Amino acid sequence: MNASNPDDRHEVSFRGLVDLHCHSTASDGSFSPTELAEAAIKSGLSTVALTDHDTVEGVSEFLTACHRVELQGLGGVELSLEHIGTMHLLGLNIDGLSTVPAALEELQAFRRERNKHIVDQLNQLGYQISWEEVLSESGGGQIGRPHFASILVRKGYFKNLDMVFNILLGRGCPAYAHKRRLDPIKGVKAIIDAGWVPILAHPVTIGLTPPRWPDFLRALVENGLVGLEIYHPRHNPETTAFFAKLAQKFGLIPTAGSDFHGLNKPHIPLDWVKTNSHLGRETIELLRARRS
Ligand code: AMP
Ligand code: FE
Ligand code: FE
Ligand code: ZN
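Turning to the overall build of the chain, a few remarks are in order. Counting its secondary structure elements, the chain contains 12 helices and seven strands. Dimensions of the chain, computed from the C-alpha atoms along their principal axes, are close to 55 × 40 × 40 Å. Looking at the chain as a whole, 54% of its 292 residues qualify as buried. Of the contacts made within the chain by residues no fewer than 6 positions apart, 74% connect residues no fewer than 24 positions apart. Roughly 13,100 Å² of accessible area belongs to the chain as shown, and the carbon and sulfur atoms make up 52% of that amount. Here the chain holds 29 positive side-chain charges and 33 negative ones, and the gap between their average locations is 4 Å.

Set out below in structure tokens:
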């Protein structure tokens, strides 16, 4: 089905617009959890998961706001996993359990360690940026590279966030610092042990060639991976089709995520799933049925 066909759009909105990957100020998004819920309902979304990087700090505020605006809200998280490419794992707390994946504190410590190095390197390169400014920019949430980038743009060093990533903070650039991340199998197990559902996020960023995918996925599936994010702004129709086929082969539930970051990724609208995904609320039931 093509979600840009008007008839299909009607069918999609009937089954609900479901976005299972969004960020807030609890990590590197620019909308507070409350603002996210309020904007999502105005954008016509039915179901939204808050999946901040390595933290669930925003979830309780988000669920309260979702309840108030009558949006189906799900608590979740996006874990950073160890791989030569960028490997992220979404965990969804479909049933509103009070458990939290045990790995979060470890991942937050890895971030703190890395972030200090970034400040030092930026200072050595001649950029005036202090740890206090970074803390204030994050508003107390998990600090990510977009926070450093925003400060540098505001101070006039660069025109936009992309330029900071391309010139300074991206992999291989002078102010880049390695962040320790979680072993992938440990990540999947941490999500399952909490009673949550593990979904591999934006698989294209892992950077594997097509022949390597089956063996790579098999190991994760054997350890309990449940879903594969086939609709994501980083995917094009070909990569989406490739991952849809892999999901089918491995019995993984296909999911859709905008990876909304508000003004920190201004090219991604909050209603991104409306024109880019055909997955409705049934996705949630399929995921729930596979919860360990
Ligand atoms: P970190 O987790 O701190 O290493 O930061 C990675 C985050 O930076 C990703 O999750 C994205 O949200 C963000 N990011 C990566 N590239 C860019 C870019 N070119 N512009 C804005 N944000 C970016
Ligand atoms: Fe991010
Ligand atoms: Fe991600
Ligand atoms: Zn994300």
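What follows is about the packing of aromatic side chains. Going through the model one piece at a time under the given rule, you end up with six aromatic pairs. Note on Phe242 and Phe243: the rings are 5.1 Å apart at their centroids and 70° apart in plane angle, and the pair reads as edge-to-face. Of the residues examined, Phe243 reaches a relative accessible area of 2% and is grouped as buried. Following the ring pairs from residue to residue traces out a cluster consisting of Trp213, Phe216, Phe242 and Phe243.

Here we come to the coordination of the iron ion (ligand 3). Taken together, Glu78 (OE), His88 (ND1) and His202 (NE2) make up the full set of protein donors to the iron ion (ligand 3), lying 2.0 to 2.3 Å away. Mapped onto the sequence, the donors of the iron ion (ligand 3) take the spacing E-x9-H-x113-H. A distance of 5.8 Å spans the gap from the iron ion (ligand 3) to the iron ion (ligand 2). Taken together, the residues span a long stretch of sequence, with His88 in strand β4 (residues 87-93) and His202 in the loop between β5 (197-200) and α9 (213-222) at a distance of 114 residues. The same class applies to His88 and to His202, which are both buried.

Neighbouring ligand 1 are 13 residues, the closest being His53, Arg114, Arg145, Asp162 and His261. In this structure, an oxygen atom belonging to ligand 1 sits 2.7 Å away from a side-chain N or O atom of Arg114. The side chain of Arg145 places a nitrogen or oxygen atom 2.8 Å from an oxygen atom of ligand 1. The set of elements that each furnish at least two residues to the shell around ligand 1 consists of α4 (104-124), α6 (145-154) and α7 (161-169). Of the residues that constitute the shell around ligand 1, the class distribution is two nonpolar, four polar and seven charged.

A separate point is the packing of α4 against α6. Contact geometry of α4 with α6 gives a least axis separation of 11 Å together with a crossing angle of 25°. In terms of orientation, α4 and α6 fall into the roughly parallel class. Relative to α6, the crossing made by α4 is right-handed. On the side of α4, the interface is formed by Arg114, Asn115, Ile118, Val119 and Leu122, while α6 contributes Arg145, Phe148 and Leu152. Broken down by class, the residue content of the contact of α4 with α6 amounts to five nonpolar, one polar and two charged.

For the rest of this paragraph, the subject is the pairing of strand β2 (residues 47-53). For β2, the tally of buried residues reaches seven of seven residues, placing the bulk of the element in the interior. Residues Thr47, Ala49, Thr51 and His53 point to one face of β2 and Val48, Leu50 and Asp52 to the other, with burial holding for every one of them. For strand β1 (residues 18-22) and β2, the ladder comprises three bridges, and the chain directions are parallel. Residue pairing in the sheet places Val18 in a bridge with Thr47 of β2. The β-α-β motif built from β1, the intervening helix α2 (residues 33-42) and the parallel element β2 has right-handed crossover chirality. Bridge count between β2 and strand β3 (residues 72-81): seven bridges; the pairing is parallel. By the bridge assignment, Thr51 is partnered in β3 with Gly76. In this region the chain leaves β2, passes through helix α3 (residues 59-69) and returns to the parallel neighbour β3; the handedness of that crossover is right-handed.

What counts as what
- Residues numbered from 1 in each chain as written.
- Chains lettered and ligands numbered in written order.
- Predicted model: local features only at pLDDT ≥ 70, side-chain atom pairs only at ≥ 80, totals over all residues.
- Heavy atoms only, no water.
- Helix = DSSP H or I, 4+ residues; strand = E, 2+ residues; numbered from the N terminus.
- Buried < 20%, exposed > 50% of the residue type's maximum accessible area, 1.4 Å probe, protein only.
- Contact = heavy atoms within 4.5 Å.
- Areas by Shrake-Rupley, 256 points an atom, 1.4 Å probe, with all protein chains shown as cover.
- Lys, Arg positive; Asp, Glu negative; His and termini not counted.
- Charge placed at Lys NZ, Arg CZ, Asp CG, Glu CD.
- Phe/Tyr/Trp six-rings, centres within 6.5 Å; stacked < 30°, edge-to-face > 60°.
- Donors = N, O, S within 2.8 Å, 3.2 Å for Na, K, Ca; no water.
- Near = heavy atom within 4 Å.
- Polar contact = N/O pair within 3.5 Å; in protein donor to acceptor, adjacent residues only side chain to side chain.
- Nonpolar A, V, L, I, M, F, W, Y, C, P; charged D, E, K, R; others polar.
- Axes fitted to C-alpha atoms, helices over the stretch in contact; angles between N-to-C directions.
- Parallel < 35°, antiparallel > 145°, perpendicular 65-115°, else oblique.
- Left-handed = near helix turned anticlockwise from the far one by under 90°.
- Pairing = 2+ DSSP bridges.
- Right-handed = clockwise from strand over helix to strand, strands pointing away.

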